[in-house]
Structure formats: C-alpha cells, structure tokens
Amino acid sequence: MPLGIFGFQALWSPYFLFSVASLTAIYFLLTTKWRHKFKDSEPLTTKQASLFISTMIIVYIVKGSPVDIIGHILFSIHMIQMAILYLIVPPILIASIPTYLWSAFINLPVVKPIFHFFTLPLIALILFNGVFSFYHVPSIFDAIKTHETLHITYTIVLFVFAIFMWWPLVNKLPGQYQLSGVKKIGYVFADGILLTPACALIIFADHPLYASYADASVWLKAMSLCVPNGTLANLSLSGPELFTNMPVVEDQQLGGVVMKVIQEIVYGVMLFQVFFQWFKKEQEDSDAINEAALKAYQANSPRTVE
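Residues numbered from 1 in each chain as written. Predicted model: local features only at pLDDT ≥ 70, side-chain atom pairs only at ≥ 80, totals over all residues. Heavy atoms only, no water.

A.B. asks: Give a description of the confidence of the model for the chain that names residues and reports values.
C.D. replies: Across the chain, the average pLDDT comes to 90, with 93% of residues at 70 or higher. Ranking the elements of the chain by mean pLDDT puts helix 15 (residues 248–300) last with 80 and helix 3 (residues 46–64) first with 97. (pLDDT = per-residue confidence, 0-100. Helix = DSSP H or I, 4+ residues; strand = E, 2+ residues; numbered from the N terminus.)

Take a look at the structure:
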C-alpha cells in the first residue's frame, strides 16, 4: 500500500519544516546581523554555516519527511532515526555554533551550574545511556510511542542528554572541561559498552517486544502522532504489514543490529580523529622540544676560533 494515503501533511510535516526554517533564520541572525551584541564575537565561518545547514536538513529528513512515517512502520528505520538524531547530529550541531554563542548561553546564571554538572563526563555518560536504555524497555517504549506529549518531551530530553554526552569530546570552548587524548579514548569505549545492553536486548529477542509494531490497535494509536486524526479515521488499516513484508521479529532484530553498527562507525571515526589529533600534538611537541634543545646546545657550545 502506498504511503501517499496518509496525505501531504503527514508525509512532509509543514509545521515542522517551518520550525526548522525558523531556527535556521534565528541562527543566521545571531551569527551575522546581531553578533556584535555578544562579547568576543567573530565572523561566521563557511564551515560553521555549512555544518548548521547540514544539521537542519538532516533533522528535517529524519523527523519531518516520509522517513518519519516509515519509522512508525518499520522498527529498523526508527532505530536509524535514533542513531542519526543522537549519535550523528549532536557533535555536528555543537561544532556549527560559534564559541561566543555557546559562551553567552552557558554563562547565563541559571544555565551555568546546570550545564557544568550535566557535562561532567561520568554524569553525561550515565544519563544519556541510562535514558536511552530505559526508552527501549517495552512498556516505556510503547507508552512514549502512543502519547504525544510524552513522546515530544522524551525526544527533547534525550537529545539534550546527547548534547551533554558529546560535549566533553568535541567542545572547544575556553574554560570548559575538555578530555585529553587517552581519556577521550576511554570515554568513547565506555560509551559503546554502556549502549550495548539495550542493543543486545533487541537483537537477541526471539519474540516481538513492542506492541507499537506488533499490535494493530497500539500501532494505530502510535500512527496518530504523525498522521492527522481525520485522515487516519478515513483509512481502513489492519497494521504495519500492509506496508512491508518483513516479519516483526526480523525487523526488530535488524533495528538492534543497525543501531549497533552505526554506533561503531560513529565511534570509530571519533577514535580515528582522537588518534590523529594525539599523534599530531605529539609530533608538534617533539619538534618543539628538539628545536629548544638544539638552540640550548648552540648557545652553550664554545665558539670555534679561526
């Protein structure tokens, strides 16, 4: 059955598109026309602008395009959405926002102590992975997927915790805690380990875990979060099997595998960058030490008398 039966609003989320476009407009106003209102502001770079635009496009594709409808039909697509939103988007978003804007926001009296606490490496790791794992407990998952306010709230909270989790790894803000090379490696490995139990629960389950994808009545209730009630009421739908031939358990297992694979790729890229930066710094430090030693030797060595 074609997805077109759900209508334009469900497939392309014009209100969400407007929200994304508004955020993009505010970003460019803050970083260009209004940037002089911020202390130590600097011109927006092409790289920062490109990263932010890319982030907004990715977010819209994942949550505003037909991909979101498919994510309500196939659990595996839902897990790809999760992986992109919480493992790929946050570090790009952090890098796209100029340091002076981060500084202005973080140093707000109410924000500063909260941000400092939640970006402590151990706290950030436990909170993000804990909230992510709880999300995939079947009863919690189905409650979130079928309750609009709960779904929106949990999505925002998990995204904020993802920002906190990535912050110690990628932030370059002076005065903010930054992990060293060895600690970054340990942090990435710990993050991968903490996320594994939730993926393993899904991968090795031999029966449907989530009624949102297995029970027709619960699935329809979940679909009402992205399809207008008027449109849904006029459709005769028995369940997600109308749109896919993939068995529920196989789709579920694929979702766990996909999440783990994307996680390993993202963290692998991060580890490569950490090793590269570490190696580059070691080389620079080594060259500086050698140069200083050579200058000291030349200064202390006796001059040759001709």
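A.B. asks: Could you give me a rundown of helix 6 (residues 99–106), with the residues and numbers involved?
C.D. replies: Along an α-helix, a turn takes 3.6 residues, which lines up residues three or four apart on a common side. Listed in full, the buried residues belonging to helix 6 are Tyr100, Leu101, Trp102 and Ile106. The elements touched by buried residues of helix 6 are helix 2 (14–33), helix 5 (75–96), helix 7 (111–118) and helix 10 (148–170). (Buried < 20%, exposed > 50% of the residue type's maximum accessible area, 1.4 Å probe, protein only. Contact = heavy atoms within 4.5 Å.)

A.B. asks: Explain the environment of Pro90 residue by residue, including any values.
C.D. replies: With respect to the helices and strands, Pro90 occurs in helix 5. A sequence separation of 133 residues divides Pro90 from Met223, and the C-alpha atoms of the two residues are 27 Å apart. Discounting chain neighbours no more than four positions away, the residues touching Pro90 are Ile84, Leu85, Phe159, Ala162, Ile163 and Trp166.

A.B. asks: I'd love a proper account of the layout of surface pockets, names of residues and values included.
C.D. replies: Within this model, the largest pocket holds a volume of roughly 1,700 Å³. Residue lining of the largest pocket: 46 residues in total, with Phe16, Leu23, Val59, Ile156 and Phe159 positioned closest to the centre. Broken down by secondary-structure element, the contributors of at least two residues to the lining of the largest pocket are helix 2, helix 3, helix 4 (66–73), helix 5, helix 6, helix 7 and helix 10. Of the residues that constitute the lining of the largest pocket, the class distribution is 34 nonpolar, 9 polar and 3 charged. Taken as a whole, the second largest pocket holds about 1,000 Å³ of empty space. (1 Å grid on protein atoms, 1.4 Å probe; cavity = no way out; pocket = protein on both sides within 12 Å on 5 of 7 lines; lining within 4 Å. Points joined across faces, edges and corners; volume = space filled by probe spheres on them. Nonpolar A, V, L, I, M, F, W, Y, C, P; charged D, E, K, R; others polar.)

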